[in-house]
Amino acid sequence: MGVDMSNKPPPTSHTKDLFASPALSLSLAGIFRHTGEAVETSIAGGSRGGRREDTVEISSENSGHTRNKLFKESPHPDEKQRQQLSKQLGLAPRQVKFWFQNRRTQVKAIQERHENSLLKTELEKLREENRAMREAINKSCCPSCGMATTNIDGSMCTEEKQLRIENALLKAEVEKLRAALGKYPQGTTSPSCSGGHDDEENRSSLEFYTGIFGLEKSSIMEAVKQATDELIKMANMKDPLWVRSIETGREILNYDEYLKKFGAGNSCSASPKRFIEASRESRVVFVDLPRLLQTFLDVNQWKEMFPCLISKAATVDVICNGEGSNRNGAVQLMFAELQMLTPMVPTREVYFVRCCKQLSDEEWAIVDVSIDKVEDNIDAPLVKCRKRPSGCIIEDLSNGHCKVTWVEHLECQKSTIHTMYRTIVNSGLAFGARHWIATLKHQCERLVFYMATNVPTKDSTGVASLAGRKSILKLAQRMTWSFCHAVGASSFHTWTKVTSKTGDDIRISSRKNLNDPGEPLGVILSAVCSVWLPVSPNWDIMFSGWSVQSMVNLAKGKDQGNVVNIQKIQSKEDSMWILQDSCTNAYESMVVYGPVDFTGIQSVLTGCDSSNLAILPSGFSILPDGAEARPLVITSRQEEKCTEGGSLLTMAFQILANASPTAKLTMESVDSVKNLVSCTLRNIRTSLQCEDD
């Protein structure tokens with residue numbers, strides 16, 4: 001039975017809902033109903049409760065003091081509190097209810113005006129810096145002869161190129177802030193910041209990049225057209241282009257056949273320091289077509305959809321905006337830094353052009369391809385990977401689902417990879433199609449459960465309202481995003497290697513949080529350790545010796561491993577509340593957790609905004625090591641079939657080393673986190689009976 005929260009809007013958040021449907025439903029068995037039924041139910045419910053009520057203004061000084069006092073204590077009073085207040089003031093409960101609604105709206109409007117003012121100021125500063133940078137580059141000349149320093153072919157110094165990249169990243173952050181504010185959609189300009197002098201900045205800067213990256217629109221569009229044709233063939237062709245492995249069940253690209261189909265110009269024989277990765281995977285995902293296309297074209301939504309894979313991303317330039325609501329024909333130049341959830345595997349930086357193209361009434365293509373001259377004019381150490389025609393073919397199934405066929409075709413620079421991760425990286429699993437599409441399917445399912453209005457009681461215990469359920473799920477999602485951001489080898493972090501008491505390598509990093517309300521203020525110390533364990537990844541991490549009481553349990557997927565819960569850990573002296581987000585998909589599993597303030601989490605449980613609740617996540621990432629060996633004998637007997645392989649476990653701990661952001665990191669804090677890692681790893685190995693490995 002759904003929970004009707006129509007009179008109580010959910011708290012605002014920077015995260016956009018990726019579903020246009022007013023409501024989605026889940027059956028009692030946990031299986032998705034037809035989307036149309038959910039929409040009809042929602043519309044029917046809205047028609048019953050759609051009568052407009054007059055607002056009530058209460059002017060009594062005593063009653064105003066009583067209401068304001070209660071509003072400060074509880075902006076979302078329950079039915080009992082509203083009944084009590086109505087008796088005290090001599091008003092109807094409905095009048096009290098509407099007063100609180102109006103009061104919350106007023107407070108929200110004041111906050112938005114204040115945030116809008118701050119964002120306008122920050123946006124003006126960035127525009128001034130951008131304008132000054134353009135003028136400095138355009139006027140740059142040699143002090144000796146007075147000639148421009150940029151030569152005929154448009155080459156420029158590495159420092160200026162880096163400024164270009166940083167400028168693009170800054171513009172992406174401004175877009176994200178404006179979108180979070182909710183006043184102006186992404187890609188538009190606020191009225192206070194618009195003007196004739198900004199017209200050049202607001203339109204596509206393709207001409208501005210011509211001569212720097214060596215790009216021309218005609219050559220880009222031709223490359224995109226060829227890439228689209230190749231992607232369609234790569235997605236649809238079968239044997240002999242793609243051969244399914246008997247041992248692993250995965251499709252393998254027949255590279256000789258590929259060269260016959262698409263020409264010897266794609267051969268990498270001229271680049272012995274590079275290697276090829278190719279993979280293909282198909283899945284049906286629960287998401288409607290417009291929202292899925294929007295996710296790929298909006299760089300912020302794209303990062304949020306794949307937090308474990310993307311550590312940085314930016315839209316460098318919009319070459320063509322496209323047509324219609326789905327932006328058919330849109331072409332944009334993008335940058336991405338791809339990661340694994342461990343500092344032991346280097347990131348991959350890639351520049352590519354992304355195109356959104358309608359193929360038929362039901363089929364669309366998202367095409368990614370790297371353009372040669374972009375890489376040629378960027379500092380070589382930055383370019384570790386380039387995309388051959390890649391992307392996905394999306395088929396709209398017209399029932400809230402889409403079939404996605406994902407092709408990932410990369411040409412990567414050879415680099416030193418730790419032996420523990422060499423197999424999974426070189427096999428193409430780490431950055432391949434299976435990883436991307438497994439993450440997409442998991443995230444779409446998570447969003448469906450977030451939007452659901454009819455959740456079985458067994459899948460939503462400990463929360464009394466739909467708004468409270470959504471607030472907890474948002475907080476858990478933010479916690480997991482923060483964990484993914486803090487674990488990888490991104491240039492955001494500087495890792496120092498130390499050795500634990502167990503002889504394992506630990507990476508240590510520290511940062512200072514000066515003003516982010518989502519994390520504790522002060523010096524934050526991170527410790528990450530990745531190890532190989534000789535067991536399959538289907539195992540649970542158990543914490544023994546604690547008195548644990550489960551307070552909240554919220555399902556966020558059909559798999560029982562996808563769940564958010566709040567646990568109360570009781571000791572003799574005190575108690576602690578822990579928020580835990582467990583995730584599992586076809587590629588990896590994660591357990592992310594963090595202590596939360598009791599008062600703050602109680603507020604979130606009632607449906608209040610969770611964006612200012614400080615939480616510092618720690619957790620575990622578990623995935624197979626990629627060593628899928630050939631069976632010793634061929635047999636039809638299931639019990640005699642076996643594969644060898646183990647698990648790659650990455651555990652990360654974050655602690656507040658000092659509450660003062662100006663303090664320096666001490667060796668005591670480093671030793672403390674080293675002992676924590678060593679003790680946890682020893683307990684895990686003991687529980688799994690692999691102490692000697």
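Shown above is the structure to which this text applies.
Residue positions are counted from 1 within each chain, in the order its sequence is given. Residues qualify for local features only when their pLDDT is at least 70, as the model is predicted, and side-chain atom pairs are given and counted only at 80 or more; totals for whole chains, interfaces and linings, by contrast, use all residues. Water and hydrogen atoms were dropped before computing side-chain values, which therefore reflect all heavy atoms in the structure.

Draft legend 1. Inspection of the overall build of the chain at higher detail. Secondary structure is summarised from DSSP: a helix means a run of H or I of at least four residues, a strand means a run of E of at least two, and numbering begins at the N terminus for each. For the chain, the helix and strand inventory stands at 17 helices and 22 strands. Sorting the 693 residues of the chain into buried and exposed places 49% on the buried side. Throughout, the Shrake-Rupley method with a 1.4 Å probe supplies accessible areas, and for residues the shown protein chains are the sole cover considered. Total accessible area on the chain is roughly 34700 Å²; 51% of this is exposed by carbon and sulfur atoms. Type-normalised accessible area, obtained with a 1.4 Å probe on protein chains alone, sets the label of each residue: buried when under 20%, exposed when over 50%, and partly exposed for intermediate values.

Draft legend 2. Expanded view of the packing of aromatic side chains. Aromatic contacts are taken between Phe, Tyr and Trp rings whose centres are within 6.5 Å, Trp giving its six-membered ring; a plane angle under 30 degrees counts as stacked, one over 60 as edge-to-face, and the others as tilted. On inspection of all chains with the given rule, the structure shows 13 aromatic pairs. Taken together, a centroid distance of 6.4 Å and an interplanar angle of 5° make the contact between Trp302 and Trp436 stacked. Residue Trp302 is found in helix α11 (residues 299-305), and its partner Trp436 is found in helix α14 (residues 433-451); the two are separated by 134 residues along the sequence. Residue classification places Trp436 among the buried positions, given a relative accessible area of 3%. Three or more aromatic residues link up through ring pairs in this structure, and these residues are Phe296, Trp302, Phe306, Phe352, Trp406 and Trp436. Geometrically, a lysine NZ or arginine CZ counts as sitting over a ring once it is within 6 Å of the ring centre and also within 35 degrees of the ring normal. The ring of Phe352 has Lys387 lying over it, and the distance from NZ or CZ to the ring centre is 5.6 Å. Across the ring face of Tyr450, the terminal group of Lys470 is positioned such that the distance to the ring centre comes to 5.4 Å.

Draft legend 3. Spatial organisation of the pattern of salt bridges. What makes a salt bridge here is a side-chain nitrogen of Lys or Arg within 4 Å of a carboxyl oxygen of Asp or Glu, nothing more. Scanning all chains against the criterion turns up 15 salt bridges. Between Arg386 and Glu411 there is a salt bridge; the shortest N-O distance is 3.6 Å. With a gap of 25 residues between them, Arg386 in strand β9 (residues 385-387) and Glu411 in strand β11 (residues 402-413) connect regions that are remote in the sequence. Like Glu411, Arg386 is buried.

Draft legend 4. Local environment of the sheet that holds strand β21 (residues 618-624). Pairs of strands are assigned from DSSP output, requiring at least two bridges between the strands. Spatially, 10 strands are ordered β13-β17-β18-β19-β20-β21-β22-β16-β15-β14 in an open sheet, and the strand pairing comes out antiparallel. Strands at the two margins of the open sheet, each flanked by one partner only, are β13 (460-461) and β14 (496-499). Contact between two residues is taken to exist if any of their heavy atoms lie within 4.5 Å; hydrogens are not considered. To obtain an axis, a line is fitted to C-alpha atoms, over the contacting stretch when the element is a helix, and the angle between two such axes runs from 0 to 180 degrees between their N-to-C directions. Lying on the sheet, helix α16 (residues 598-605) is in contact with β17 (547-555), β18 (563-570), β19 (575-584) and β20 (589-596); it crosses β19 at an angle near 50°.

Draft legend 5. Focus on the pairing of β18. For β18, the tally of buried residues reaches six of eight residues, placing the bulk of the element in the interior. Pairing analysis gives eight bridges linking β17 to β18, with the strands arranged antiparallel. Residue pairing for β18: Val552 is matched across the bridge by Ile566. Judged from the eight bridges that link them, β18 and β19 form a sheet pairing that is antiparallel. Bridge pairing in β19 links Gln567 to Ile578.

Draft legend 6. View of the nonpolar core. Definition of nonpolar core: a set of buried residues of the types Ala, Val, Leu, Ile, Met, Phe, Trp, Tyr and Cys, connected through side-chain atoms within 4.5 Å. The biggest cluster of nonpolar side chains holds 52 residues, and the ones touching the most others in it are Trp302, Met340, Trp406 and Tyr421. If one sorts the elements of this core by residue count, α14 sits on top with seven residues. Contacts of Met340, omitting those with residues within four sequence positions, involve Val345, Tyr421, Ile424, Val425, Ala430, Phe431, Gly488, Tyr587 and Leu623. Core analysis: the next-biggest nonpolar cluster, separate from the first, contains 31 residues, Ile566, Trp577, Ile601 and Ile615 among them.

Draft legend 7. Region of interest: helix α8 (residues 217-236). By this rule the span expected of a helix is its residue count minus one, scaled by 1.5 Å. Taking 1.5 Å of rise per residue, the 20 residues of α8 would be expected to cover 28 Å, and the 29 Å separating its terminal C-alpha atoms lies within 8% of that figure. The set of residues buried in α8 consists of Ile220, Val224, Ala227, Thr228, Glu230, Leu231, Met234 and Ala235.

Draft legend 8. Region of the structure containing the side chain of Ser582. With respect to the helices and strands, Ser582 occurs in strand β19. In this structure Ser582 comes out as buried when scored by relative accessible area, which is 9%. At a separation of 3.4 Å, a polar atom in the side chain of Ser582 contacts the side chain of Gln580. When neighbours within four sequence positions are excluded, Ser582 is seen to be in contact with Lys556, Gly561, Asn562, Val563, Met590 and Val591. Here a polar contact is taken to be a pair of N or O atoms separated by no more than 3.5 Å, where protein atoms must pair a possible hydrogen donor with a possible acceptor and residues adjacent in sequence count only if both atoms sit in side chains.

Draft legend 9. Up close: the environment of Asn254. Structurally, the position occupied by Asn254 is in the loop between β3 (251-253) and α9 (255-262). Linking Asn254 and Ala278, residues 24 residues apart in sequence, is a C-alpha distance of 9.6 Å. Setting aside its immediate chain neighbours within four residues, Asn254 contacts Pro240 and Leu241.

Draft legend 10. Main features of helix α15 (residues 466-487). Compared with an ideal rise of 1.5 Å per residue, which puts 22 residues at 32 Å, α15 spans 32 Å between its outermost C-alpha atoms and is within 8% of the ideal. A large share of α15 lies buried, amounting to 21 of its 22 residues. Sitting at the head of α15, Ser465 places a side-chain oxygen 3.0 Å from the backbone nitrogen of Gly468.

Draft legend 11. Structural detail: the environment of Gly626. Structurally, Gly626 can be placed in the loop between β21 and β22 (647-658). Note: C-alpha distance between Gly626 and Thr423 (203 residues apart in sequence) is 5.8 Å. For Gly626, the contacting residues outside a window of four places in its chain are Thr423, Ile424 and Leu429.

Draft legend 12. Focus on unusual backbone geometry. The residue after Asp239, namely Pro240, is reached through a cis peptide bond having omega 15°. The topology assignment puts Pro240 in the loop between α8 and β2 (242-244). Of note in the backbone geometry, Arg327 takes a positive phi value of approximately 55° without being a glycine. Among the structural elements, Arg327 can be located in the loop between β5 (310-320) and β6 (331-338).

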